[in-house]
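Summary of the model geometry
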Amino acid sequence: MLHGVQGHRKGRLRPRPRMSVIFWREHRPSVSGIAVLYRSSMADSRPKPANKTPPKSPGEPAKDKAAKRLSLEAEGAGEGAAAAGAELSALEEAFRKFAVHGDARASGREMHGKNWSKLCRDCQVIDGRSVTVTDVDIVFSKIKGKSCRTITFEQFKEALEELAKKRFKDKSAEEAVREVHKLIEGKAPIISGVTKAISSPTVSRLTDTSKFTGSHKERFDPSGRGKGRAGRVDLVDESGYVPGYKHAGTYDQKVQGGK
């Protein structure tokens, strides 16, 4: 049998129908189906409405967090400014000055026992008779907590009340506390024991430039002031005059005087 020929019948050859024609006859769509397909294709081809709410960028959550943090910091700064605006009493100001004395990391809100003793000594709360250094240490240990090494301002006032009873025995409790507060208000730590310059013959001999010899002598002028680079390096004289010439720079004066 030849390709593309179904066979011969009654002396004629009939070509075989193509597969596309057979498929169309068997699966041809109806009119309603064609309408549905057309409407669906038209619906797909219509432009979709744009989204009115743009998507958030990846950096927006970080911006939101930063904005919240800045708002919280602003609120905290406002509260701190309001607290700082309230004037400190003279007693609390003196407490803070003594609390930070000798300690760069201290905040001024708590006071160590060493600074407490210095306050009582500098403000003359310790008189050597009614109140001694031992009394001050005992009151500090009594007022502070068992596991603490510092006292707060409230505990500081309680300690002063304890000392006021001994310092001013002839006065009432309120008057005694008031007198102790007067001794401390407006005071600051007294700085004593500052290192002074030693003026001994040995030190003065080492620092007296008039007694220097050799190359060290050339580094200072007769007044004792250093010459700088000229005293360390031999500088070349480029003025054009012979070394040791005493009348350098007087030529113009002589010429003008002769005219």
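As a starting point, this report considers the structure included with it. From a predicted model like this one, the values you see are computed outputs, not experimental measurements.

Quick notes on the overall build of the chain
- Broken down by element type, the chain carries 10 helices and 4 strands.
- Helices and strands appear in the chain in the N-to-C order β-β-α-α-α-α-β-α-α-β-α-α-α-α.
- Residues classed as buried in the chain amount to 17% of the 259 residues present.
- When the accessible surface of the chain is summed, it comes to about 21,600 Å², and 54% of that surface belongs to carbon and sulfur atoms.

Notes on the pattern of salt bridges
- Under the criterion given, the structure shown has 8 salt bridges.
- For lysine 118, the salt bridge is made with aspartate 122, and the minimal N-O distance between the two is 3.0 Å. Taken together, the positions of lysine 118 and aspartate 122, both in helix 5 (residues 113-122) and 4 residues apart, correspond to about one turn of that helix. Side by side, lysine 118 and aspartate 122 carry an identical accessibility label, which is buried.
- Two residues, glutamate 162 and lysine 142, come together in a salt bridge whose shortest N-O distance is 3.7 Å. Here glutamate 162, found in helix 7 (residues 153-167), pairs with lysine 142, found in helix 6 (residues 133-143); they are 20 residues apart in sequence, far enough to count as distant.

Here's the deal with the packing of aromatic side chains
- Counting across every chain of the model gives 5 aromatic pairs.
- With a centroid separation of 5.6 Å and 70° between ring planes, the pair formed by phenylalanine 212 and phenylalanine 220 is classed as edge-to-face.
- With a relative accessible area of 22%, phenylalanine 212 lands in the partly exposed category.
- Judged by its relative accessible area of 26%, phenylalanine 220 is partly exposed.

Some remarks on helix 6
- Every buried residue of helix 6 is listed here: Asp135, Val136, Val139, Phe140 and Ile143. Each buried residue of helix 6 lies within a common arc of 135° when the element is viewed along its axis, so the set occupies one face. Of the residues in helix 6, the exposed ones pointing more than 90 degrees away from the buried face are Thr134, Ile138 and Lys142.

Brief notes about the state of the cysteines
- Considering all chains together, one arrives at 0 disulfides under this definition.
- Cysteine cysteine 123 remains unbridged, with the sulfur of cysteine 120 as its closest cysteine sulfur at 7.7 Å.
- Assessed through its relative accessible area of 2%, cysteine 123 is described here as buried.

Some words on helix 7
- Taking 1.5 Å per residue as the helical rise, helix 7 with its 15 residues ought to reach 21 Å, and the 20 Å between its terminal C-alpha atoms agrees with that figure.
- Considered for burial, the residues of helix 7 that qualify are Phe153, Phe156, Ala159, Leu160, Leu163, Ala164 and Arg167. Projected down its long axis, helix 7 shows its buried positions confined to an angular sector of 150°, all on one face.
- As for helix 7, its buried residues are in contact with helix 4 (90-99), helix 5, helix 6, strand 4 (150-151) and helix 8 (173-184).

Quick look at the environment of glutamate 154
- If you trace the backbone, glutamate 154 turns up in helix 7.
- Distance from glutamate 154 to glutamate 110, taken between C-alpha atoms, is 9.9 Å for residues 44 residues apart in sequence.

What to know about the packing of helix 4 against helix 7
- One way to put it is that helix 4 packs onto helix 7 with a least axis distance of 11 Å and a crossing angle of 105°. The angle between helix 4 and helix 7 falls in the class roughly perpendicular. Facing helix 4, whose interface residues are Leu91, Glu92 and Phe95, helix 7 presents Phe153, Phe156, Lys157 and Leu160.
- A per-class count over the contact of helix 4 with helix 7 returns 5 nonpolar, no polar and 2 charged.

Details of unusual backbone geometry
- Of note, the phi angle at glutamine 124 is positive, near 65°, even though the residue is not glycine.
- Within the element layout of this structure, glutamine 124 appears in the loop between helix 5 and helix 6.

Rules and cut-offs
- Residues numbered from 1 in each chain as written.
- Predicted model: local features only at pLDDT ≥ 70, side-chain atom pairs only at ≥ 80, totals over all residues.
- Heavy atoms only, no water.
- Helix = DSSP H or I, 4+ residues; strand = E, 2+ residues; numbered from the N terminus.
- Buried < 20%, exposed > 50% of the residue type's maximum accessible area, 1.4 Å probe, protein only.
- Areas by Shrake-Rupley, 256 points an atom, 1.4 Å probe, with all protein chains shown as cover.
- Salt bridge = Lys/Arg side-chain N within 4 Å of Asp/Glu carboxyl O.
- Phe/Tyr/Trp six-rings, centres within 6.5 Å; stacked < 30°, edge-to-face > 60°.
- Arc of directions from axis to C-beta.
- Disulfide = S-S within 2.5 Å.
- Expected span 1.5 Å × (residues − 1).
- Contact = heavy atoms within 4.5 Å.
- Axes fitted to C-alpha atoms, helices over the stretch in contact; angles between N-to-C directions.
- Parallel < 35°, antiparallel > 145°, perpendicular 65-115°, else oblique.
- Nonpolar A, V, L, I, M, F, W, Y, C, P; charged D, E, K, R; others polar.

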